[in-house]
Number of protein chains: 2
Amino acid sequence: MSDEGQLSLRKADSRRRSATRAVTMADVAQAAGVSTQTVSRALRDPRSVGPDTLARIEEAVRETRYVQNFAASHLASNRSMTVAAIIPTISASIFAETIQGLTDVLLPEGYQVFLGHTDYMAGREESLVRSFSGRRPDGFFIIGTRHTQETTALLKRTGVPVVESWSWTNRPVDMLVGFSNHAALMSVVDHLVGRGYRRLAFTGVMKPGDHRAKERLKGFQDAHERHFPGVTPRVVTVTSGPMVMATGVELLKLVREQHPDTDAVVFVSDVLASGALLACAGMGISVPKDLAITGFGNYDIAGQLTPGLTTIAIASRRIGTESANLLLRRMQGGDVENRTQDVGFELLVRGSA
Amino acid sequence: MSDEGQLSLRKADSRRRSATRAVTMADVAQAAGVSTQTVSRALRDPRSVGPDTLARIEEAVRETRYVQNFAASHLASNRSMTVAAIIPTISASIFAETIQGLTDVLLPEGYQVFLGHTDYMAGREESLVRSFSGRRPDGFFIIGTRHTQETTALLKRTGVPVVESWSWTNRPVDMLVGFSNHAALMSVVDHLVGRGYRRLAFTGVMKPGDHRAKERLKGFQDAHERHFPGVTPRVVTVTSGPMVMATGVELLKLVREQHPDTDAVVFVSDVLASGALLACAGMGISVPKDLAITGFGNYDIAGQLTPGLTTIAIASRRIGTESANLLLRRMQGGDVENRTQDVGFELLVRGSA
DNA sequence: CTGTTAGCGCCTTCAG
DNA sequence: CTGAAGGCGCTAACAG
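- The name that an unreviewed UniProt entry assigns to chain A is LacI family DNA-binding transcriptional regulator, with the source organism given as Azospirillum aestuarii.

### Re helix 11 (residues 270-282) of chain B
Next up, step 1: Over its 13 residues, helix 11 of chain B runs 19 Å from end to end, which matches the ideal 18 Å to within 8%, given 1.5 Å per residue.
Next up, step 2: Of the residues making up helix 11 of chain B, those classed as buried are B:D270, B:V271, B:L272, B:A273, B:S274, B:G275, B:A276, B:L277, B:L278, B:A279 and B:C280.
Next up, step 3: Considering only its buried residues, helix 11 of chain B is in contact with helix 11 (270-282) of chain A together with strand 6 (200-205), helix 10 (245-258), strand 8 (264-267), strand 9 (292-294) and strand 10 (311-313) of chain B.
Next up, step 4: Just past helix 11 of chain B, the residue B:G284 takes up positive phi, approximately 70°.

### Thoughts on the interface of chain B and chain A
Next up, step 1: With 55 residues of chain B at the contact, the number on the chain A side is 56 residues.
Next up, step 2: A buried area of about 4,500 Å², summed over both sides, lies between chain B and chain A, and 53% of it is on carbon and sulfur atoms.
Next up, step 3: Between chain B and chain A we count 0 salt bridges in total.
Next up, step 4: Secondary-structure elements contributing two or more residues to the side of chain B that touches chain A are helix 4 (70-77), helix 5 (93-106), strand 2 (112-117), helix 6 (122-133), helix 10 and helix 11 of chain B.
Next up, step 5: Per element, the largest residue contribution to the side of chain B that touches chain A is 7 residues, and it comes from helix 5 of chain B.

### A few points about the relation of the copies chain B and chain A
Next up, step 1: By a simple turn and slide, chain B fits onto chain A: the slide is 0.0 Å along the axis, the RMSD is 0.1 Å, and the turn is 180°. Here the symmetry operator amounts to a two-fold rotation axis.
Next up, step 2: Taken together, the interface assignments show that 100% of the residues at the interface of chain B recur at the interface of chain A, consistent with an identical surface on both copies.

### Section: the UniProt feature "domain: HTH cro/C1-type" (unreviewed entry) in chain A
Next up, step 1: Per the UniProt record, the feature "domain: HTH cro/C1-type" (unreviewed entry) sits at residues 24-60 of chain A.
Next up, step 2: Helix makes up 73% of residues 24-60 of chain A and strand 0%, with an end-to-end C-alpha separation of 11 Å.

### Let's talk about the environment of A:G303
Residues and elements named next belong to chain A.
Next up, step 1: Mapping G303 onto the fold places it in the loop between strand 9 (292-294) and strand 10 (311-313).
Next up, step 2: On the accessibility criterion, G303 (39% relative accessible area) is partly exposed.
Next up, step 3: The sequence separation of G303 and R350 amounts to 47 residues, and the corresponding C-alpha distance is 7.9 Å.

### What about the nonpolar core?
Next up, step 1: Ranked by size, the top nonpolar core spans 162 residues in total, and within it A:I293 and B:I293 carry the most contacts.
Next up, step 2: Residues in contact with B:I293, not counting those within four places in the same chain, are B:V265, B:F267, B:A273, B:A276, B:L277, B:C280, B:V287, B:L309, B:T310, B:S352 and B:A353.
Next up, step 3: Membership of the second largest hydrophobic core comes to 26 residues, among which are A:A84, A:I86, A:L155 and B:I86.

### Comments concerning the environment of A:T148
All names here are of chain A.
Next up, step 1: Here T148 is to be found in the loop between strand 3 (139-143) and helix 7 (149-158).
Next up, step 2: The exposure class of T148 is partly exposed, given its relative accessible area of 31%.
Next up, step 3: Residues T148 and E126 lie 22 residues apart in sequence; the distance between their C-alpha atoms is 7.1 Å.

### Quick word on the sheet that holds strand 9 of chain A
Residues and elements named next belong to chain A.
Next up, step 1: Taken in spatial order, the 4 strands line up as 7-6-8-9 in an open sheet, and their pairing is parallel. Every other strand in the sheet has two partners, leaving strand 7 (234-238) and strand 9 as the edge strands with one partner each. Within this sheet the neighbouring strands show an average axis-to-axis angle of 15°, counted without direction.
Next up, step 2: Pairing analysis gives 5 bridges linking strand 6 (residues 200-205) to strand 7, with the strands arranged parallel. Within the sheet, the bridge partner assigned to V205 lies in strand 7 and is V238.
Next up, step 3: Here helix 11 sits on the sheet in contact with strand 6, strand 8 (264-267) and strand 9, set at roughly 155° to strand 9.

### Observations regarding the UniProt feature "domain: HTH lacI-type" (unreviewed entry) in chain A
Next up, step 1: UniProt records the feature "domain: HTH lacI-type" (unreviewed entry) at residues 23-77 of chain A, using the numbering of this structure.
Next up, step 2: This span, residues 23-77 of chain A, is 71% helix and 0% strand, and a straight line between its end C-alpha atoms measures 20 Å.

### With respect to the pattern of salt bridges
Next up, step 1: All told, the structure shown has 34 salt bridges over all chains when counted by the stated rule.
Next up, step 2: Across the salt bridge formed by B:R124 and B:D119, the nearest N and O atoms sit 3.8 Å from each other.
Next up, step 3: B:R124 sits in the partly exposed class, given a relative accessible area of 22%.
Next up, step 4: For B:D119, a relative accessible area of 24% puts it in the partly exposed group.
Next up, step 5: Linked through salt bridges whose partners overlap, the residues forming this network are A:R199, A:R234, A:D261 and A:D263.

### Structural notes on the domain arrangement of chain A
Residues and elements named next belong to chain A.
Next up, step 1: The assigned domain composition of chain A is domain 1 (2-68), domain 2 (81-179 + 316-343) and domain 3 (181-313).
Next up, step 2: The partner domain 3 presents 11 residues to the 14 residues of domain 2 that form the contact.
Next up, step 3: For the pair domain 2 and domain 3, the summed buried area comes to about 1,000 Å², and 58% of that belongs to carbon and sulfur atoms.
Next up, step 4: Of all residues in domain 2, Y120, R146 and F179 give up the largest surface area on contact with domain 3, accounting jointly for 51% of the area buried on that side.
Next up, step 5: Linking domain 2 with domain 3 are 4 residue pairs in polar contact (both at pLDDT 80 or more), by the criterion used here.
Next up, step 6: No other element matches the 3 residues that helix 5 (residues 93-106) contributes to the side of domain 2 that touches domain 3.
Next up, step 7: The residue makeup of the side of domain 2 that touches domain 3, split by class, is 9 nonpolar, 4 polar and 1 charged.

### Focus on the sheet that holds strand 9 of chain B
Residue and element names in this part refer to chain B.
Next up, step 1: The strand order across the open sheet built from 4 strands is 7-6-8-9, with neighbouring strands paired in parallel fashion. Pairing within the sheet leaves two strands with one partner each, and these edge strands are strand 7 (234-238) and strand 9. Averaged over all adjacent pairs, the angle separating strand axes in this sheet is 15°, with direction ignored.
Next up, step 2: Across the sheet, helix 11 is in contact with strand 6, strand 8 and strand 9; its angle to strand 9 comes to roughly 155°.

### A word on the pairing of strand 3 of chain A
Residues and elements named next belong to chain A.
Next up, step 1: Counting buried positions over the 5 residues of strand 3 gives 5, a clear majority of the element.
Next up, step 2: Of the strand pairs in this sheet, strand 1 (residues 82-87) and strand 3 are connected by 4 bridges, and their pairing is parallel. Bridging across to strand 3, A85 finds its partner in F141.
Next up, step 3: Following the backbone out of strand 3, through helix 7 and into the adjacent parallel strand 4 (residues 162-165), one traces a crossover that is right-handed.

### Here's the deal with the side chain of B:T294
All names here are of chain B.
Next up, step 1: With respect to the secondary-structure elements, T294 resides in strand 9.
Next up, step 2: Here T294 falls in the buried class, since its relative accessible area comes to 1%.
Next up, step 3: When near neighbours in sequence (up to four residues on either side) are disregarded, T294 contacts V188, L192, V265, V266, F267, A273, L309, T310 and A353.

### A few points about the packing of aromatic side chains
Aromatic rings considered in pairs are described by the distance between their centres and by the relative angle of their planes.
Next up, step 1: Evaluated as defined, the whole model comprises 11 aromatic pairs over all chains.
Next up, step 2: Judged by centre distance (5.0 Å) and plane angle (75°), the ring pair of B:F95 and B:W166 falls under edge-to-face. With B:F95 in helix 5 and B:W166 in the loop between strand 4 (162-165) and strand 5 (175-178), this pair connects stretches of sequence that are 71 residues apart. The same class applies to B:F95 as to B:W166, namely buried.
Next up, step 3: When the centroid spacing of 5.4 Å and the interplanar angle of 45° are considered together, the rings of B:F202 and B:F220 count as tilted. Of this pair, B:F202 sits in strand 6 while B:F220 is found in helix 9 (residues 211-227), placing the two residues 18 residues apart along the sequence. By the burial criterion, B:F202 is buried, and B:F220 matches it.
Next up, step 4: Linked through ring pairs, A:F95, A:W166, A:F179 and A:F296 together constitute an aromatic cluster.

Rules used throughout
Residues numbered from 1 in each chain as written. Chains lettered and ligands numbered in written order. Predicted model: local features only at pLDDT ≥ 70, side-chain atom pairs only at ≥ 80, totals over all residues. Heavy atoms only, no water. Helix = DSSP H or I, 4+ residues; strand = E, 2+ residues; numbered from the N terminus. Expected span 1.5 Å × (residues − 1). Buried < 20%, exposed > 50% of the residue type's maximum accessible area, 1.4 Å probe, protein only. Contact = heavy atoms within 4.5 Å. Buried area = accessible area lost by both parts, 1.4 Å probe. Salt bridge = Lys/Arg side-chain N within 4 Å of Asp/Glu carboxyl O. Least-squares fit on C-alpha atoms with pLDDT ≥ 70 in both. UniProt positions renumbered as here; feature names shortened; annotations may be inferred. Core = buried A, V, L, I, M, F, W, Y, C linked by side-chain atoms within 4.5 Å. Pairing = 2+ DSSP bridges. Axes fitted to C-alpha atoms, helices over the stretch in contact; angles between N-to-C directions. Domains from an automatic or database assignment. Polar contact = N/O pair within 3.5 Å; in protein donor to acceptor, adjacent residues only side chain to side chain. Nonpolar A, V, L, I, M, F, W, Y, C, P; charged D, E, K, R; others polar. Right-handed = clockwise from strand over helix to strand, strands pointing away. Phe/Tyr/Trp six-rings, centres within 6.5 Å; stacked < 30°, edge-to-face > 60°.

Written as structure tokens, this is what we have:
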């Protein structure tokens, strides 16, 4: 087929380093009988070159098995065609949906996503932002609105669009697609009180870097104060431990030890709540008669339990797609009218409360 | 503090393009009173320069707020310090653990991970490999061992180490960290038959691109044939639909419609099995007396159900860490003795079967 | 619609 | 241990 010899016309300079001698755009250009510039244009916008020039280039690409080098492209154009995404953990399926939404929108537009996870460790967000900055992403997506001062400064200094999410603030770094965890928990408390529950407890794993959990707790406390002024709210939290169903069972036991009269347990997450709800049968606890249970997130399991788990549903995937749309518009040079977007939440009342 | 004017000594050539006028290594070099070479060396290996030269450079980096440009580094060194990872879906927490393991090992070594998901669509793997190749990753990690011919060719042509995983083959593209889905399902069948079950059914969502599901089905069929020669195994599958617990309930109903005498249902995944198991109570089915149920994956929920779900446990996180170690050794120029690694599986017998 | 020129920011090679 | 020269592969700017 193609004469392999033709592919390597580059001068055998003594300073050459690339041991791989990979196919470059120059090889394609030569094979197609055009300049590299024309190849470059053809690849980026096929309509910008003549139809048979295009055909020859496409054929040359196939023959030479050319694969564009984005690093060179990035360096020359100052656009990396990447977006950096920072999430607390990949293992939480709920953030995974957000990331799927993000990439589902960005990938077709030619952007690739770098993913980093902090495992809720406060310092790791800053070091991730720092190391991601070296790749010069064209945009940042971050879960959370609370960062170290230095992180915020780093993000602003990059000069690229930034979307924060899954939380709420009046002073976002740049753009925001989120909701109020505080308001969500208040609605949970309102619901419980409306149903006649009076001795509410809040429980969960509260990792130091998990500001969303803190906002939920604050929402619980504030609503509790509104309904029961002066009454100290029952709060049982641990600062470490895996976010698994078994931990929910442990927390339920802790709550009942420390506050035996509790008639409703508000969990910080569906994972914990589901574990507790499943364990209730074995512990002789009737839900919701003896005890009401609520969760957060509307995980898959919430609707499958008996009774169903009353919880807060978040448009997780939509947070990702909306964020991607905002980033896209800005990365493509446009501007956005609304830099903050509230996706809200929904209280799903099921049998457990 | 620092004289901002000093930072921009680059010639104001009419052809200049970088509108950002970002801080470069040359700025750092000037601020520190050394050459860019020395800065470059200091950043890559701090011990390769003199102690007070190093101190001056570190101070200059801080002052100038320099952030290294990896694209330039990549282009010059021909190493991108990235690894491309391709998984079926992020939303399955079980693959997420593998990715966490992978990044937990690679990140401290300076490698960043590009993540792509195929959503079990056959063609998307090839296009992902193709587009990822443009970033010139220093290694590939892929879930699965079945690819299109072109995908395999592309992977081999990159010349970088490749790890396939979560499956088994005798002819890996390069390296392999996996286990036999086929053998795992055979052990499930053996167990069921040993417990006296005789009318086994296999069910699950079988997306066209999900070869691991196919291997599991094949394992079921082969074991079934060994135990019940000539008897057609009960197989009820759907080729689309979400991998959620509710789907498991639907499949359970389908199985009982099509094969009312079934006494054991083997699910392709814990997600489906859990949904079914939870629904059994409401359907008046006693598990494991009337019906045995098994899953695959040992998800968090498996051990929380009553009865517990009998399933296959996979060292999901370890697949990630082991793969990362293999890649690292090869990316750092070393060689590995065992290019294939069987992490095995474990049959966890709980109450459901 | 296509070509020429120069430079993106860093690192390898070679020299001191 | 440090510096000088030049190229990695591509694209912006300008010209035709």
